[in-house]
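# Overview (structure and organization)
So the chains spell out like this:
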Amino acid sequence: MNTIRVNTSPAYDVKIETGLMNRLGSELLAVLGKTCKIAILTDDTVDGIYGRRIEENLVESGFDVCRFAMPHGEEHKNLQWWGRMLEFLAEQHLTRSDCIVALGGGVPGDMAGFAAACYLRSIAFVQVPTTLLAMVDSSVGGKTGLDLQQGKNLAGAFYQPRAVFCDPEALLTLPEEILIDGAAECVKYGILDDEPLFALFEEGQWKERMEEVIARCIRQKAELVEMDEKDRGSRQLLNLGHTFGHAIEKCSDFGVSHGKGVAIGMVMAARLANKLDICDAGTLDRIVRTLQNMGLPTWTEFEPAQLLAAALSDKKRAGNKITLVLPERIGHCELKPIPLDRFAEWMQLAAQ
Ligand code: NAD
Ligand code: GLY
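The notes below deal with the structure included here. Just so you know, these numbers come straight off a predicted model, no measurement behind them.

Parameters and conventions
- Residues numbered from 1 in each chain as written.
- Chains lettered and ligands numbered in written order.
- Predicted model: local features only at pLDDT ≥ 70, side-chain atom pairs only at ≥ 80, totals over all residues.
- Heavy atoms only, no water.
- Phe/Tyr/Trp six-rings, centres within 6.5 Å; stacked < 30°, edge-to-face > 60°.
- Helix = DSSP H or I, 4+ residues; strand = E, 2+ residues; numbered from the N terminus.
- Buried < 20%, exposed > 50% of the residue type's maximum accessible area, 1.4 Å probe, protein only.
- Lys NZ or Arg CZ within 6 Å of the ring centre and 35° of its normal.
- Axes fitted to C-alpha atoms, helices over the stretch in contact; angles between N-to-C directions.
- Parallel < 35°, antiparallel > 145°, perpendicular 65-115°, else oblique.
- Left-handed = near helix turned anticlockwise from the far one by under 90°.
- Contact = heavy atoms within 4.5 Å.
- Near = heavy atom within 4 Å.
- Polar contact = N/O pair within 3.5 Å; in protein donor to acceptor, adjacent residues only side chain to side chain.
- Areas by Shrake-Rupley, 256 points an atom, 1.4 Å probe, with all protein chains shown as cover.
- Nonpolar A, V, L, I, M, F, W, Y, C, P; charged D, E, K, R; others polar.
- Pairing = 2+ DSSP bridges.

Applying the stated criterion to the full structure yields five aromatic pairs. Judged by centre distance (5.7 Å) and plane angle (15°), the rings of F125 and Y159 are stacked. Separated by 34 residues along the polypeptide, F125 in strand β6 (residues 124-129) and Y159 in the loop between β8 (151-158) and β9 (163-166) bring together distant segments of the chain. Y159 matches F125 in its accessibility class, with the two residues each being buried. Members of the aromatic cluster, connected to one another through ring pairs, are F68, W81 and F88. Over the ring of Y189 we find K188; its NZ or CZ atom is 5.0 Å from the centre of that ring.

Another point: the packing of helix α3 (residues 79-91) against helix α4 (residues 106-118). Working note: a packed helix pair is described by the angle between its axes plus the distance between those axes. One way to put it is that α3 packs onto α4 with a least axis distance of 10 Å and a crossing angle of 50°. In terms of their interaxial angle, α3 and α4 are classed as oblique. The chirality of how α3 crosses α4 is right-handed. Residues W81, W82, M85, L86 and L89 of α3 form the contact with α4, whose own contacting residues are P108, M111, A112, F114, A115 and C118.

A few words now on the site of ligand 2. Ligand 2 sits among D137, K143, K221, R235 and L238. In this structure, D137 approaches ligand 2 through a side-chain N or O atom, which is 2.9 Å from a nitrogen atom. Contacts to ligand 2 include K143, whose side-chain N or O atom sits 2.8 Å from an oxygen atom. Here ligand 2 loses 86% of its free accessible area of 200 Å² to cover by the protein chains. A per-class count over the shell around ligand 2 returns one nonpolar, no polar and four charged.

Below, the discussion takes up the environment of V14. Mapping V14 onto the fold places it in strand β2 (residues 12-16). A relative accessible area of 0% places V14 in the buried class. Those residues in contact with V14 that lie beyond four places of it in its chain are N2, T3, I4, V6, V140, V164, C166 and I218.

Around ligand 1, a shell composed of 26 residues is seen, among which E74, K77, T130, T131 and T173 lie nearest. In the model, a nitrogen atom of ligand 1 is placed 2.7 Å from a nitrogen or oxygen of the T130 side chain. Bound to the protein, ligand 1 loses 88% of the 870 Å² it would expose on its own. Residue classes in the shell around ligand 1 are distributed as 10 nonpolar, nine polar and seven charged.

A few words on the pairing of strand β5 (residues 99-104). Counting buried residues along β5, six of its six residues qualify, which places the element largely inside the surrounding structure. Here four bridges tie strand β3 (residues 37-43) to β5, and the two strands are oriented parallel to one another. Bridged to I40 within β5 is V101. Bridge count between β5 and β6: six bridges; the pairing is parallel. Pairing of C99 across the sheet is with A124, part of β6.

If you want it as structure tokens, here you go:
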């Protein structure tokens, strides 16, 4: 088992082990120090595969368990379904000494975390991520929330879980396309600060070394979150490929998935860095080839002007600046604030 401590306020452990879901009850008991009522908040797909098994396991450890499944998919990450989650918790009479289990990918994970932050002005929650993206990114670091009609993740709170339990075995039921989507985020960690991790993807060995991949990504995320819990500085490095990627997602009306958007966005960031003499052509080439070999796209048909309009409405814009993350080499990136009046020119350089 890999255990990674996240030293936030409060601190917590992320545990990664194949088969961990089969003893979730005893693990949770060790974290909470007592039995209590547990609400499992998940989506219908994950509930159909894992809901009953997890519930039985928790009951065996002495917990009193109830379960709520929202419909799967980003289109349900909204106020309406979040309201239903809160009302479910109230109907089930959860109290402040009880606990929520956020089971599933980033959608139920973010929603359940935000419900935990708000219900009774906060109750404990743990994350049990079941997608690669949720394991290496959304379950760790305490960003919780939901989408508004005006944009993604516009409402939310920083609220840390009491623990995160990652069982790589859950990835065996994940459709290949969703797995690869999450793998784009893992490549991101390699480019940011871990060349040996990048090499696992470059050499096509990542699927056989899944537990190691997840642990390396989480270790890096934990370090960045500890340095900058509220996302005001170095945590923004995690946005490598995201400013361009979000613009592509938005231009496609979210027909392009997040991981694919990030893959293209990382190539755009590397191309821009190369044109600004921040990184060499070899670095750009390694990123392009690795993503292509994984089956991820590296090019978008949207015009720079369309991408610019979408990027300007991004929530990462602060005042008259947008901060981009640019690779210097595999394993090292820098934050580069750009005045808005130069952004059109840089978008052009990144796109072509
Ligand atoms: P998701 O939760 O929608 O999961 C993708 C699909 O996979 C869903 O249809 C789900 O039902 C299915 N699924 C999940 N686990 C499965 C399993 N083990 N077997 C079979 N099917 C399974 O999406 P996601 O890609 O996990 O996460 C995307 C969300 O995460 C976005 O809303 C994004 O904003 C959020 N996010 C949050 C953070 C953060 O820091 N909080 C970071 C990155 C992304
Ligand atoms: N997913 C980016 C962050 O957690 O900051």
